[in-house]
Every structure is written in C-alpha cells, then in structure tokens.
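Each chain is listed here by its residues.
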Amino acid sequence: MAARGSKPEQDKDATPAATVRTQEYDAGVGWDIGQRAPEDAFRSLDSAGTGGVTGPVVHTHPGGYARQIAVKGQTITAGARRELDAAEAEQDGEA
C-alpha cells in the first residue's frame, strides 16, 4: 500500500508529452508599445545645451541637436511611448 501523498514513480525511459507553443502574433506597425515604428521619430533639443527637449515630434532629423525617440521598423518601448506621450501633452497644452 502506498503512503499517503506519495507520487507515483515515473518511467525514466518514457518520452515526454509534446510541448505546444503558444501562437505568436505580429504586433503590427504603429506607435503602441510592442509594435514596430512606422518611421523614425525625433525631437529637437534646446540650443542652450541643457538637454531639454523642445518642439513637436518630427519624422526627419530637425538639424542641430536632437534626440531620436524611435527608429523605423524597431519595437516601440515603454520609454519611447512615454516620450511620445509627453511631446503630445506639451503640444496639446500649447494649443
């Protein structure tokens, strides 16, 4: 008689059950976290050299000093999304 709570012995030569992978879906192209950026995104830095961002998000290098937020075809991260949201909030506040 087996002791209470004991596990049955496993056959060491038995083949393991098949592992089924979960379906992977492409997140697509867009500006949401996990999606691929449809184009580059830059934001100008102030000319005083303090590193503060100014102006809207643009999709070609604005010249001078600029921060690249996203690269075309690369995954949008939480940090990139925060920067895009901050730029949008500043633009909405100015209008």
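Everything numeric here is computed off the predicted structure, so don't read it as measured data. (Residues numbered from 1 in each chain as written. Predicted model: local features only at pLDDT ≥ 70, side-chain atom pairs only at ≥ 80, totals over all residues. Heavy atoms only, no water.)

1. Description of the nonpolar core
By size, the foremost hydrophobic cluster in this structure holds 7 residues: Ala37, Ala41, Ile69, Ala70, Ile76, Ala80 and Leu84. At the level of elements, strand S3 (66–70) and helix H1 (78–94) are the ones that each hand at least two residues to this core. Those residues in contact with Ile76 that sit more than four places away from it in its chain are Gly30, Trp31, Asp32, Ile33, Gly34, Gln35, Ala37, Ala70 and Arg81. (Core = buried A, V, L, I, M, F, W, Y, C linked by side-chain atoms within 4.5 Å. Buried < 20%, exposed > 50% of the residue type's maximum accessible area, 1.4 Å probe, protein only. Helix = DSSP H or I, 4+ residues; strand = E, 2+ residues; numbered from the N terminus. Contact = heavy atoms within 4.5 Å.)

2. Focus on the pairing of strand S1 (residues 41–45)
Pairing between S1 and S3: 4 bridges, direction antiparallel. The residue bridging Ser44 from the neighbouring strand is Ala66, located in S3. Where S1 and strand S2 (residues 53–58) come together, 4 bridges link them in antiparallel fashion. Directly across from Phe42, in S2, lies its bridge partner Val58. (Pairing = 2+ DSSP bridges.)

3. Focus: the environment of His61
Looking at the element boundaries, His61 is found in the loop between S2 and S3. Measuring from C-alpha to C-alpha, the distance between His61 and Ser44 comes to 8.4 Å, with 17 residues separating the pair along the chain. Residue contacts for His61: discarding those within four places in its chain leaves Phe42 and Ala66. Only 2.9 Å separates the side chain of His61 from the backbone nitrogen of Gly63, close enough to count as a polar contact. (Polar contact = N/O pair within 3.5 Å; in protein donor to acceptor, adjacent residues only side chain to side chain.)

4. What about the sheet that holds S2?
Strand order in the open sheet formed by 3 strands is S2-S1-S3, with antiparallel pairing between adjacent strands. Looking at strand neighbours, the two that pair on one side only are S2 and S3, the edges of this open sheet. Pairs of neighbouring strands in the sheet enclose a mean axial angle of 25 degrees, with direction left out of account. (Axes fitted to C-alpha atoms, helices over the stretch in contact; angles between N-to-C directions.)

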